[in-house]
Structure formats: structure tokens, C-alpha cells
Amino acid sequence: MLPDDCALAVDSGRQVIVDSRGDVTPRTPETGVYESDHRYLSTLEIEVGDGGEWTVLGREVRDRGVTTTLASPTVGTGRGDQRPWTLEKRVELTEMGVTATARLTNNTADTRETTVAFELAPDFGHVFDIPSFFSPRERQDRTVSVERHPNGCAFVGTLADGTERRVTVSSDTSIETAVTDGSATISTDVTVAPASTRTVELDIDLPAGARNTPEIDADIDCPRYGRLIDRAAETLGGLMLPCGVPAAGAPRFLAPFGRDSLLVSYQLLPFDSSVAERTLRFLADEQGTETDDATLEAPGRIMHEKRHGDLPAIGESVRTPYYGTVDATPLFAALFADTVAETEDETLFDSVYPHAKSAVEWTLAELDDEGFLFYEPHDHPLGLAHLGWKDSAEALARPDGTPARGAVALAEVQGYVFRALTRFAPLAERADDSTLAAECEDAAETLAEAFEERLWLPEEGCYALGIDDRGVIPSVASNQGHAIWGGLGSDRRVARVATRLTDDDMLTSAGVRTFASSHDSFDPLSYHRGSVWPHDTSIAAMGFAERGHHETAETLAVRGLDALADTVRTDFPDRFGFPELMVGFDGDVSAGTVRHPDACIPAAWSAGSVFGFLQSVESNRETADAIAELVR
């Protein structure tokens, strides 16, 4: 993932990543100016005078930009010798692209002259080409030329699919532009009076042009977590894409993901239902209509991921979009039903009902005789082995570490199916689809009975992780919390699950582990087999709240909120906060302050978890003291 000394700003599907000195530089290959899955600039360095060893004083990520403050080398070698210059480097995402600003302050009593220079070089590579982001792949040929303009320059690149992209650089300041075959230096001489400041700006217009995206509108009065709520809303606003849905996260996943946007919509539903409405309409437009073994598209199926750029265009990616998810389709139908109930929006019902119906029909057609929804690993070089939210290669295992094999039916997926069928059936009746409504009710009943019979683990007091070709996978994991949220489980057994998922081997100071630490194959630093994911805990909290286990929901909510608050502490001004996952150990140090090496930061469903946790506590109208403390 990103090196610890990097900082990131994100907005409208664009992101800029800088190193510790505030520069985009090949010395740190993850840095860059990105848009729509391409890195357009791999160099954006700001230099003053002859360079030298400037000292970094501080850095802050704020208002869609990163500001890095530096001081020039001292004059002399003694303690307290004067540093003539202070320099603020700021890269800020704008409606058109990026603005790079050098703000130079003269700290002396004399007028001083120097040169401010911007070194720029294009890349035009795809985000999939960044080795630390994704598995290495063959580099594509992309030709680059530089055009010199009176007030700047333009970089022109021909991508691997033959299309052309243009990045234009300009300034209102009187500048000089020096151009080479693959780079440009834009400079200007400045004179700065004593105790004064001069500012030089470059405007960098990216290929997509002007971008406007919706904002998050979640006005919640909650003094204890007020700053966290504001930061969560700002983060979700930054991750919002022009298509109106939140990207999954940055830096790798700045693209629409079906499952992620659906769960974020659920987290926000009582506070800002417009996110759910936009998500439903976007995914309806992308819904599968044909059968394609390469992308797993099928009529009625909801997409997993959609990427742009030249690699998908030339067949080096199947994510155009990719339908390799088993859970997005029932989640889509469930969210549709719950959003209609929340908003009573007749227009939404009329326009999206046919798509929700197709999603339900796909789901029903895929169920086995017991009502379970299985998936097969996608046998494709660019496909996924696991199609649930825990989709890493070693995500699913028995307690001894034996991996899941063959077709898999995950506990949480069955919960999503049950929620979809039971919530959609009344809407089918409303639309005079009485036959479909009856099919939904019958399938839901069959599934509930089979889930009780097949997946209960009496020795654990919990349901199983799922079923594979060898039978039941008897692991205790966080998946079961999602199944409870979906509505599965008898009341008596759900009470036991609430106790089991809050046992010491499952509950940490940050939330629920993805895999019990009592199992031999537990790994707190794994991606999915022992780590803590905020969204995972928030869904469990929402589920226990819906099922009446308010004390459990409150326990999960408080731990989750406190851990997330630690990720956006005021003494971490260069941290974005809201990591997709945290280290799955407990101790004196909050997991929210420890970076997981594989975590994308920020992740939309981690920021959305703030609202999911608040939602789970707000639903407890019987515990007035808890509501007064958390949500007023």
C-alpha cells in the first residue's frame, strides 16, 4: 500500500499522492496525479533556488489537498542560525484537475531574490501498472510528447488502446517553460520583500475536464462524536464519483464497486437516503443483460467493479464491468425494498422495480434445493477465487487452516438473500407479481429452515462460516453477524451468537475480528482471517440492534466509533483516517492508531461505518441513557 511517508488527497474520482516533501516523484513510485484509473503525472516537484536540504516542518491533509511546510537550510553552522525561507507546497484537487502552489516567505530583514521551479513529467500509465498496488503485469507502450505553450505546456499521450489523452499546464504568473521530449520545467524569478510572501500557482487540467459530484448530507447532533461525523461525511464526499456513487476507497479502489456502494448506502440510509437512490439507479444501468463467462455477466446480475482506461479496453482486465460477486445482486434487491420503505419515493419504485425484479429472479434461479446460494471460483486468469466480501485467496478456512474448496455458500450471503426475499415479496405483491411474491416467500422459508438445520454449531454457540465441497465450515468468524442482520437465525440462537461474537477471542478494542483468535489458523495481520474491518463490525451492530440485542449493538458501536476516532486524531494531521481494516489484536494501544500494512486509507465503508454504528444505537429507543450519550 502507500508508504508511511506519503500523503493523499482525493475528490471526484481524482487523487494526488505526494511524498514526505510534498512532491510527486519517481523516487517514490506510488506518488502521482491520478484520474479515471490512469496516472497522468509521475513527476510534480517544486524547487526553490539551488535546492539544498530543506527541513520538513509539517504536513496537513485538508480541503481536498495536501500542504507540506518546509524551511530552507540555515545560514551558518551555529545553533539558532537563520533559515531565510519558509516554503509551503500545496497540491489541491479542483473542478478541472489539480492546482500546485508554492508559497514562499522571506524570513529576513532584506529583500531577497530566487527562482521557483516546477518539474513536471507525464506517465499516462494505468493504475494496474503500479507494482505496489497490484500484481506485476507487462508494461504497455504509451507514447508521450510535450507541447510548449506561451503560458505553460501540454503533455499528450497515446494510450495502449490508441486513444489520446491531454494534460494542460498553465499559470497566470509570468513564467518560462523549458521542454524536453518527456518532461517540462516551468520556472519564474521572484523578488520577496522582508517578512513578505510570494505565491506561484500552476493549474493542471486533466483529461476528463470539469467534474461536479454530489455531497453527503448527514446532519447529526452528537457532541461526543461530532468531529468524527464531520470527518466521515467529508471523506465520503471526497470518495464520491461523478456517477453519483462512492468509490470503494483510495488509492487502489477509486472506482465504483457494487457491494461496497450498496453497504455504504445501507449505513447512510436513515441519514442521507440520496446515496442509496443514486446507487440503485447507477447499478440498475450497469445490470447484466447478457451471459459472458469472462466477466461473469448474466441477466439480472449486479456488477462487482467497473474500471476505465486502456487496459480494460485492450482486454488486459475483465473489470469493464466485472460481475464476480455473489452478494451484490441480493443486496441490490434488499436495498431497493428498504429504500422504498424509507423514502416512499414512487418515482424510484417505478423506475428501479424492474431491475430489482430481475435481481431477485437471478437470485432465485441460483438457489439450490435447500435454498442456499453457492458460488464457484471464477476459473479465469483475471477472475476472483472467492466472490463474497472476503475475497482474498486465503480468506476462508476451517479452524485448522484448511482452505475452503469448490463451491461455497457463505453465511452472510444467505442472510443477504433472506433479507432480499422477505423485503421484496410485499413489493412484488404491490406490483401485481403475486407469483413472484409467493416464490420469494417459499424460498425464504426453505432457506431459513436449512440454515438452522445445517449451519448451527452447538459446541460453539454460533452458526458456521459456511458450506463448501467438504461440508460445513465450522469456523467462528464475523460473517455470521451479517447473517443475523439479514434476518436469519431463531431468536434463541441469535442471543447465543450475540454472546459468542463478543467473547474474548472475537471482540477487540476496535471491533469484531474476522476470524476467531482461538482457531489455529488465526492471523491478526491477515487480510481477512483475523483482522478487524470497521464496516464488518457495523453491519453486525446494525443486525443485533434490529434483532433487539441493544446491549451488544452498543458495545460494538462504542468500540468501533472510538477506534475510528483514533484514526482521525488531531495529532495526525497528515493521516486521512478510516482505514479499510485494522490489526486484529487487543492491547493497551488502540488499533485505530496502528496502521495495517495492507489497508487502503480511506475506505468508503469504513467512513460509512460511523453512520452504521450511530444507526445501530439510535434504533434503541428503550435505552434513553445510551442514546443521550451517543446520538441526541
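Remember, it's a predicted structure, so these values are computed and weren't measured experimentally. (Residues numbered from 1 in each chain as written. Predicted model: local features only at pLDDT ≥ 70, side-chain atom pairs only at ≥ 80, totals over all residues. Heavy atoms only, no water.)

## Describing the overall build of the protein
Spelled out, the test is: Only runs of H or I of at least four residues qualify as helices and only runs of E of at least two qualify as strands under DSSP, and these elements are numbered from the N terminus. Note that the radius of gyration is over C-alpha atoms, with the globule rule given as 2.2 Å times the number of residues to the power 0.38. Contacts are assigned to residue pairs with any non-hydrogen atoms lying within 4.5 Å of each other. Note on areas: Shrake-Rupley, 1.4 Å probe, and residue coverage restricted to the protein chains presented here. Asp and Glu count as negative and Lys and Arg as positive, but His and the ends of the chain are not part of the count. Note on charges: their place is set at NZ of Lys, CZ of Arg, CG of Asp or CD of Glu.
The helix and strand tally for the protein stands at 14 helices and 20 strands. Taking 2.2 N^0.38 as the reference for a compact globule, 632 residues should give roughly 26 Å; the C-alpha atoms of the protein span a radius of gyration of 26 Å, in line with that estimate. Counting only C-alpha atoms and orienting by the principal axes, one finds that the protein spans roughly 80 × 55 × 50 Å. When contacts within the protein are restricted to residue pairs at least 6 apart in sequence, long-range pairs at least 24 apart make up 66% of them. As displayed, the protein has an accessible area near 23500 Å², and 44% of this comes from carbon and sulfur atoms. Distance between charge centroids for the protein: 5 Å, based on 54 positive and 107 negative side chains.

## Digging into helix 11 (residues 534–546)
Worth spelling out the cut-off: By this rule, a helix spans an expected 1.5 Å times one less than how many residues it contains. Residue exposure (1.4 Å probe, protein chains only): buried if accessible area is under 20% of the type maximum, exposed if over 50%, otherwise partly exposed.
When the terminal C-alpha atoms of helix 11 are compared, their 18 Å separation across 13 residues agrees well with the 18 Å that a helix rising 1.5 Å per residue should span. Residues of helix 11 that are buried: P534, H535, D536, T537, S538, I539, A540, A541, M542, G543, F544 and A545. Each element contacted by the buried residues of helix 11 is listed here: helix 2 (258–268), helix 9 (479–486), helix 10 (491–500), helix 12 (550–567) and helix 13 (604–618). A positive phi of about 90 degrees marks G548, the residue just after helix 11.

## So, the pairing of strand 2 (residues 14–18)
Sheet faces and side chains relate simply in a regular strand, where the side chains alternate between the two faces. Just so we agree on the cut-off: One requirement defines pairing of two strands: DSSP has to find at least two bridges between them.
With five of five residues buried, strand 2 lies mostly within the body of the structure. The alternating pattern of strand 2 places R14, V16 and V18 on one face and Q15 and I17 on the opposite face, and all of these are buried. Pairing of strand 1 (residues 7–11) with strand 2, which is carried by five bridges, proceeds in the antiparallel orientation. What sits directly across from V10, in strand 2, is Q15. As consecutive antiparallel partners, strand 1 and strand 2 are separated by two residues, and within that stretch S12 has a phi angle of approximately 55 degrees, a positive value.

## Observations concerning the environment of F418
If you trace the backbone, F418 turns up in helix 7 (residues 411–430). For the pair F418 and T325, spaced 93 residues apart in sequence, the C-alpha to C-alpha distance is 17 Å. Those residues within four positions of F418 in sequence are excluded, and the remaining contacts are A444, L447, A448, G486, G487 and L488.

## Comments concerning the sheet that holds strand 10 (residues 143–149)
Worth spelling out the cut-off: To obtain each axis, a line is fitted to C-alpha atoms, and for helices this fit is confined to the stretch in contact; angles are then taken between N-to-C directions over 0 to 180 degrees.
Across the sheet, eight strands lie side by side as 5-6-7-8-15-12-11-10; this open sheet has antiparallel pairing. Each edge of the sheet is formed by a strand with only one pairing partner; in this case those strands are strand 5 (55–62) and strand 10. In this sheet, neighbouring strand axes are inclined to one another by 15 degrees on average, regardless of whether the strands run parallel or antiparallel.

## Regarding the nonpolar core
Which entries qualify depends on this criterion: Grouping buried Ala, Val, Leu, Ile, Met, Phe, Trp, Tyr and Cys residues that are joined through side-chain atoms within 4.5 Å yields what is termed a nonpolar core.
Grouped together as the largest cluster of nonpolar side chains are 205 residues, with contacts concentrated most on L120, F155, F332, F336, F544, V610 and F611. For this core, the element with the highest residue contribution is helix 7, accounting for 11 residues.

## Regarding the sheet that holds strand 9 (residues 112–126)
Read from one edge of the open sheet, seven strands run 1-2-3-4-9-14-13, paired in antiparallel fashion. The open sheet has two free edges, formed respectively by strand 1 and strand 13 (176–179), since each of these has just one partner strand. Taking each pair of neighbouring strands and ignoring which way they run, the sheet shows an average axis angle of 20 degrees. In this sheet, strand 9 lies alongside strand 4 (residues 38–48) in antiparallel orientation, the contact comprising nine bridges. Bridging from a neighbouring strand, L41 pairs with P122 of strand 9.

## A closer look at the packing of aromatic side chains
Aromatic rings considered in pairs are described by the distance between their centres and by the relative angle of their planes. Worth spelling out the cut-off: Ring pairs are drawn from Phe, Tyr and Trp, using the six-membered ring of Trp, whenever the two centres fall within 6.5 Å, and their geometry is named by plane angle: stacked under 30 degrees, edge-to-face over 60, tilted for the rest. Either the NZ atom of lysine or the CZ atom of arginine qualifies as a charge over a ring when it sits within 6 Å of the ring centre and within 35 degrees of the ring normal.
Throughout the structure, instances matching the rule amount to 19 aromatic pairs. Between F134 and F253 the ring centres are 6.4 Å apart and the planes differ by 75 degrees, which places this aromatic pair in the edge-to-face class. Here F134 is found in the loop between strand 9 and strand 10, whereas its partner F253 is found in the loop between helix 1 (226–239) and helix 2, with 119 residues between them in sequence. Judged by relative accessible area, which is 17%, F134 ranks as buried. Look at F253 and you get buried, because its relative accessible area is 17%. An angle of 70 degrees between the planes, with centres 4.8 Å apart, marks the rings of W456 and Y463 as edge-to-face. In terms of burial, W456 and Y463 fall into one category: buried. Through successive ring pairs, a cluster of aromatic residues spans F128, F134, F253 and F257. The ring of F349 has R430 lying over it, and the distance from NZ or CZ to the ring centre is 3.9 Å. In this arrangement the basic side chain of R575 is found over the ring face of F572, its NZ or CZ atom lying 4.3 Å from the centre.

## Brief notes about the environment of G152
Within the secondary structure, G152 sits in strand 11 (residues 152–158). Residue G152 is classed as buried on the basis of its relative accessible area of 0%. For the pair G152 and R493, spaced 341 residues apart in sequence, the C-alpha separation works out to 68 Å. Here G152 is in contact with E147, V169, S170, I175, T177 and I186, once residues within four sequence places are set aside.

## A look at the state of the cysteines
Quick reminder of the rule: Cysteine sulfur atoms are paired as a disulfide whenever they fall within 2.5 Å.
Across all of its chains, the model carries zero disulfides by this definition. Here C600 stays unpaired: no disulfide links it, and the sulfur of C6, its closest cysteine neighbor, is 13 Å away.

## Re unusual backbone geometry
In most cases, non-glycine residues show a negative phi, while peptide bonds are predominantly trans. P321 follows T320 through a cis peptide bond whose omega is 5 degrees. For P321, the location among the structural elements is in the loop between helix 4 (310–313) and helix 5 (328–343). Here the amide bond leading from I601 into P602 is cis, since omega sits at 5 degrees, within 30 degrees of zero. With respect to the helices, strands and loops of the structure, P602 is situated in the loop between helix 12 and helix 13. The phi torsion at E344 lies on the positive side, around 55 degrees, for a residue other than glycine.

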